[in-house]
Amino acid sequence: MIESLLTTEIIATFITLTMLEIVLGIDNLIFITIVADGLPKHQRKKARVIGLSLALIIRIAMLLGIAWIMSLTEPLFTFMDTDISFKDLMLLGGGAFLIAKATFEMHHDIGGIESKREVVGRAGFMMGVTQIVFIDFVFSFDSIITAVGLTQNIPVIVAAIVISMIVMLLAAERIGQFLADYPTFKMLALAFILLIGVLLMAE
């Protein structure tokens, strides 16, 4: 029975999906790292673990409710000859949020150490987790729809999502430390988040 599950086709699909989920999750991981960086040092690892764990739970839940997820692409109303669905509204809101968040972080990073301390002082752990949950939900749309378009084998998709999240969890701390050590790359990461926000709104 195990041999029938581990066919060449299934293994190839699993590897492809895993790599695809990792690539699609990079922007999510960068955002989680930046949000965690705004928290006190002793809370950052916890925020990253919770953020990626929630991303895993949300994607599996969305996968199991794929029929509902696909229904969210149905038009709710028409605006200027364009059909608008719930997914469109989520992407619009998520894109606007990413643009605002990236701009806010850039402003305070450029503002210097004192400005950054004010941000850290105001940043609440639950607020950070809430931001992560919202963006996890937005980023999960394309990830799940793409995965289902590639294969209808739910166990393979779940396994690929789990493995990709484990890889990102292992990489999260190093990426966070790298961005902290090299502020220039953090600014580039914020510019990337800003670009993702613009692309989401354009989509």
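Residues numbered from 1 in each chain as written. Predicted model: local features only at pLDDT ≥ 70, side-chain atom pairs only at ≥ 80, totals over all residues. Heavy atoms only, no water.

J.: So, the overall build of the protein chain: which residues are in play, and what are the values?
T.: When helices and strands are tallied, the protein chain shows nine helices and two strands. Walking the protein chain from its N terminus toward its C terminus, one meets helices and strands in the order α-α-α-α-β-β-α-α-α-α-α. In the protein chain, buried positions account for 40% of the 203 residues. Considering only intrachain contacts with a sequence separation of at least 6, the fraction spanning at least 24 residues in the protein chain is 81%. (Helix = DSSP H or I, 4+ residues; strand = E, 2+ residues; numbered from the N terminus. Buried < 20%, exposed > 50% of the residue type's maximum accessible area, 1.4 Å probe, protein only. Contact = heavy atoms within 4.5 Å.)

J.: Outline the nonpolar core, listing residues and values.
T.: Of all hydrophobic cores here, the largest spans 40 residues; its most connected members are Leu52, Leu98, Ile144, Ile157, Ile193 and Leu200. Those elements that provide at least two residues to this core are α2 (8-37), α3 (41-64), α5 (86-111), α7 (125-150), α8 (154-181) and α9 (183-202). Setting aside anything within four residues of it in sequence, one finds Leu52 in contact with Leu29, Ile32, Met165, Met168, Leu169 and Ala172. Counting five residues, the second largest nonpolar core, distinct from the first, contains Leu39, Ala47, Phe125 and Val129. (Core = buried A, V, L, I, M, F, W, Y, C linked by side-chain atoms within 4.5 Å.)

J.: For the pairing of strand β1 (residues 75-79), give the residues involved together with the corresponding values.
T.: The element β1 is largely exposed, with a buried count of zero among its five residues. As defined by bridge partners, β1 adjoins strand β2 (residues 82-85) across four bridges and the pair is classed as antiparallel. What sits directly across from Phe77, in β2, is Ile84. (Pairing = 2+ DSSP bridges.)

J.: For the pattern of salt bridges, give the residues involved together with the corresponding values.
T.: When the charged atoms of two side chains lie near each other, side chains of opposite charge can form a pair. All chains considered together, the criterion is met by one salt bridge. Between Arg59 and Glu21 there is a salt bridge, and its shortest N-O distance comes to 3.1 Å. Placement of Arg59 in helix α3 and of Glu21 in helix α2 is noted, with a sequence separation of 38 residues between them. When sorted by exposure, Arg59 lands in the same class as Glu21, which is buried. (Salt bridge = Lys/Arg side-chain N within 4 Å of Asp/Glu carboxyl O.)

J.: So, α9: which residues are in play, and what are the values?
T.: With 20 residues, α9 extends 29 Å from end C-alpha to end C-alpha; this agrees with the ideal 28 Å at 1.5 Å per step. Residues of α9 that are buried: Lys186, Ala189, Leu190, Ile193, Ile196, Gly197 and Leu200. Along the axis of α9, the buried positions cluster into a sector of 110°, meaning they face one direction only. For α9, exposure combined with an orientation more than 90 degrees from the buried face picks out Thr184, Leu188 and Ala202. (Expected span 1.5 Å × (residues − 1). Arc of directions from axis to C-beta.)

J.: Could you give an account of the packing of α8 against α9, naming the residues involved and the relevant values?
T.: The relative placement of two packed helices comes down to the angle between their axes together with the axis-to-axis distance. In contact at an axis separation of 5 Å, α8 and α9 are set at 115° when each is read in the N-to-C sense. Considering their axes alone, α8 and α9 lie roughly perpendicular with respect to each other. Contacts from Phe178, Leu179, Ala180 and Asp181 of α8 reach α9 at Pro183, Phe185, Lys186 and Ala189. Class assignment of the residues belonging to the contact of α8 with α9 gives a composition of six nonpolar, no polar and two charged. (Axes fitted to C-alpha atoms, helices over the stretch in contact; angles between N-to-C directions. Parallel < 35°, antiparallel > 145°, perpendicular 65-115°, else oblique. Nonpolar A, V, L, I, M, F, W, Y, C, P; charged D, E, K, R; others polar.)

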